[in-house]
Amino acid sequence: MKRIARASVVVLALGANLMAAALLTAPTPQNPAGAAAQSPRATAPASPQEILLWENGAPGALGQADSDKPTITVYRAPRVSSGTAVIVAPGGGYGALATEHEGRQEAYWFNAMGITAFVLKYRLGPRYHHPIELGDAHRAIRTVRARAAEFNVIPDRIGMMGFSAGGHLTATAGTHFDAGSADAADPIDRVSSRPDFLILGYPVISFDPAVTHAGSVKNLLGDNPDPKLIEDLSNDLRVTPQTPPAFLFHTTNDNGVPVENSVRFYLALRKARVPAEMHLFENGPHGVGMALSDPALSAWPSLLLNWLRARGLLTKPNNP
């Protein structure tokens, strides 16, 4: 047993070192918003491609600055693609975006697994309030689904991942969705906004003052939020049997977002009989991202990999 344990540690450490090396040499986005798509059959990693979610201006936009223009940055899976896609929502308390360690790094990790990733740049408070952020997330999901053939992904294998406040946005997308409008003028609005699976890293879930992250609530809802919105956006209260399957991880001593957020969501999923897996680590600060330098917490990507493999998301079906 000791030999097996040592071997596992070596494998995890080697994987972390290889990923760290890949991240240091990975290219950064170069294509302008709206640039033509690169071929999905490319045999080498394509440069990340930033795409405007609304080419003619986002609904409710308050200006023309970069922060007024929600986008997704496409990181195409190189060589062999599984057909699975993940939209990544970085955290930042709904007031900033931790795009590097809660977006770009994960995108390249997904690429190494044969998954195409899309890093979401959504609008932020206090300039923007709900439902603008959720509208940006819905648009990202619909865009990837409507353009699935272009991105070389499968329309019913589009998941969403979020960290911290991005985890709240992800959980909100997973509990507040619609099937699309069949008669919409915009073909993107005709498809479903439901993610097919959720990946949540130390997420804000509940807006209950006893466990929530107060800064996220203020940035998203303002200074005097409607109690009905507080309840509606406490996503553990909105889980149904139609909520997508979920993978969660959190640290017990997280001093930014209490671990009770993940626990409440997991218990709600279990009660609704939604497939879910949760990993709680004893130690680790908030906002760890891939946690490559932490010998214990760096295991979470391997655990996620196992979950994705068990759900058949790492191999392309014979008849997609």
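Just so it is clear, the model here is predicted, and its values are computed rather than measured. (Residues numbered from 1 in each chain as written. Predicted model: local features only at pLDDT ≥ 70, side-chain atom pairs only at ≥ 80, totals over all residues. Heavy atoms only, no water.)

Novice: Would you mind showing me how to read the side chain of S193 here?
Specialist: By the secondary structure assignment, S193 is in the loop between α5 (165–175) and β6 (198–201). Dropping the residues within four chain positions of it, S193 is found in contact with H138, I141, R142, R145, A173, F177 and D178. (Helix = DSSP H or I, 4+ residues; strand = E, 2+ residues; numbered from the N terminus. Contact = heavy atoms within 4.5 Å.)

Novice: I'm lost on the packing of aromatic side chains in this one. Help?
Specialist: How two aromatic rings sit relative to each other is set out by the distance from centre to centre and by the angle between their planes. Within this structure, the stated rule accounts for 10 aromatic pairs. For the ring pair Y75 and Y108, a centre distance of 5.1 Å and an interplane angle of 85 degrees mean the geometry is edge-to-face. Linking Y75 in strand β2 (residues 71–75) with Y108 in helix α2 (residues 100–112), this pair joins segments that are 33 residues apart in sequence. For the pair Y75 and Y108, a shared accessibility class is recorded, and that class is buried. On the numbers, 6.2 Å between centres and 70 degrees between planes, the contact of F163 with W300 is edge-to-face. With F163 in strand β5 (residues 158–163) and W300 in helix α9 (residues 300–310), this residue pair connects regions lying 137 residues apart in the sequence. Looking at F163, the relative accessible area reads 0%, which means it is buried. By the ring-pair criterion, three or more aromatic residues cluster together here, those being F163, Y202, F249 and W300. Over the ring of Y128 we find R123, and its NZ or CZ is 5.1 Å from the ring centre. The cationic tip of R194 hangs over the ring face of F177; the distance from NZ or CZ to the ring centre is 5.8 Å. (Phe/Tyr/Trp six-rings, centres within 6.5 Å; stacked < 30°, edge-to-face > 60°. Buried < 20%, exposed > 50% of the residue type's maximum accessible area, 1.4 Å probe, protein only. Lys NZ or Arg CZ within 6 Å of the ring centre and 35° of its normal.)

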